[in-house]
Amino acid sequence: VALGLVGQFWTLTGERLKLDAAGFAAFDRPGYAKAVWDFRLTPERDATRLSTETRILGLDAESRRRFRGYWGVIQPFSGLTRRACLRGLDREATR
């Protein structure tokens, strides 16, 4: 499963845009970044591993610069949030 977002994540509101899949794929306006967050299920012996990855594409040099600054601040909290999400999904799946 993959979730896509377009926004200016480094602003207070995030300036997220509502786009369908085709709009997301075609979007290329400078001043924004595209993010894709995926969840993967991988069989392992007698269990299944759930993992996640996020990829970001800054659509111009200024967006990439701004996102790097934003990421420098939120990176530790992003990791905590991701682990909490995965633990919650694990509890639900094994309940």
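Residues numbered from 1 in each chain as written. Predicted model: local features only at pLDDT ≥ 70, side-chain atom pairs only at ≥ 80, totals over all residues. Heavy atoms only, no water.

### Regarding the environment of Trp 10
Right, on to step 1. Checked against the element boundaries, Trp 10 lands in the loop between strand S1 (2-7) and helix H1 (21-26).
Right, on to step 2. Exposure remark for Trp 10: the relative accessible area of 17% places this residue in the buried category.
Right, on to step 3. Distance from Trp 10 to Ala 61, taken between C-alpha atoms, is 14 Å for residues 51 residues apart in sequence. (Helix = DSSP H or I, 4+ residues; strand = E, 2+ residues; numbered from the N terminus. Buried < 20%, exposed > 50% of the residue type's maximum accessible area, 1.4 Å probe, protein only.)

### So, the pairing of strand S2 (residues 33-44)
Right, on to step 1. Pairing analysis gives six bridges linking S1 to S2, with the strands arranged antiparallel. Paired with Leu 3 across the strands is Trp 37, a residue of S2.
Right, on to step 2. Note that S2 and strand S3 (residues 47-58) share 12 bridges and pair antiparallel. Residue pairing in the sheet places Glu 44 in a bridge with Ala 47 of S3.
Right, on to step 3. Adjacent in sequence and paired antiparallel, S2 and S3 are bridged by two residues, among which Arg 45 carries a positive phi angle near 45°. (Pairing = 2+ DSSP bridges.)

### Comments concerning the pattern of salt bridges
Right, on to step 1. Applying the stated criterion across every chain yields a total of seven salt bridges.
Right, on to step 2. A salt bridge links Arg 55 to Glu 53, with the nearest nitrogen and oxygen atoms 3.5 Å apart.
Right, on to step 3. The class for Arg 55 is exposed, based on a relative accessible area of 57%.
Right, on to step 4. On the basis of relative accessible area, Glu 53 is assigned to the partly exposed category, the value being 27%.
Right, on to step 5. The residue Arg 66 makes a salt bridge to Glu 62 at a minimum N-O spacing of 2.9 Å. (Salt bridge = Lys/Arg side-chain N within 4 Å of Asp/Glu carboxyl O.)

### Observations regarding the confidence of the model for the protein
Right, on to step 1. Predicted confidence across the protein gives a mean pLDDT of 92, with 100% of residues reaching 70 or more.
Right, on to step 2. No element of the protein has a lower mean pLDDT than helix H2 (residues 61-94), which averages 89, and none a higher one than H1, which averages 96. (pLDDT = per-residue confidence, 0-100.)

### A word on the environment of Arg 49
Right, on to step 1. The topology assignment puts Arg 49 in strand S3.
Right, on to step 2. Judged by its relative accessible area of 46%, Arg 49 is partly exposed.
Right, on to step 3. At 2.7 Å, the side chain of Arg 49 forms a polar contact with the side chain of Glu 44. (Polar contact = N/O pair within 3.5 Å; in protein donor to acceptor, adjacent residues only side chain to side chain.)

### As for the sheet that holds S3
For sheets, the rule is that strands pair by backbone hydrogen bonds, running either parallel or antiparallel.
Right, on to step 1. Pairing is antiparallel across the open sheet formed by three strands, whose spatial order is S1-S2-S3. The open sheet terminates on both sides in strands that have one partner only, identified here as S1 and S3. Mean inter-strand twist for the sheet, computed between neighbouring axes without regard to direction, equals 15°.
Right, on to step 2. Against the sheet, H2 makes contact with S2 and S3, and its axis sits at roughly 165° relative to S3, the strand it touches most. (Axes fitted to C-alpha atoms, helices over the stretch in contact; angles between N-to-C directions. Contact = heavy atoms within 4.5 Å.)

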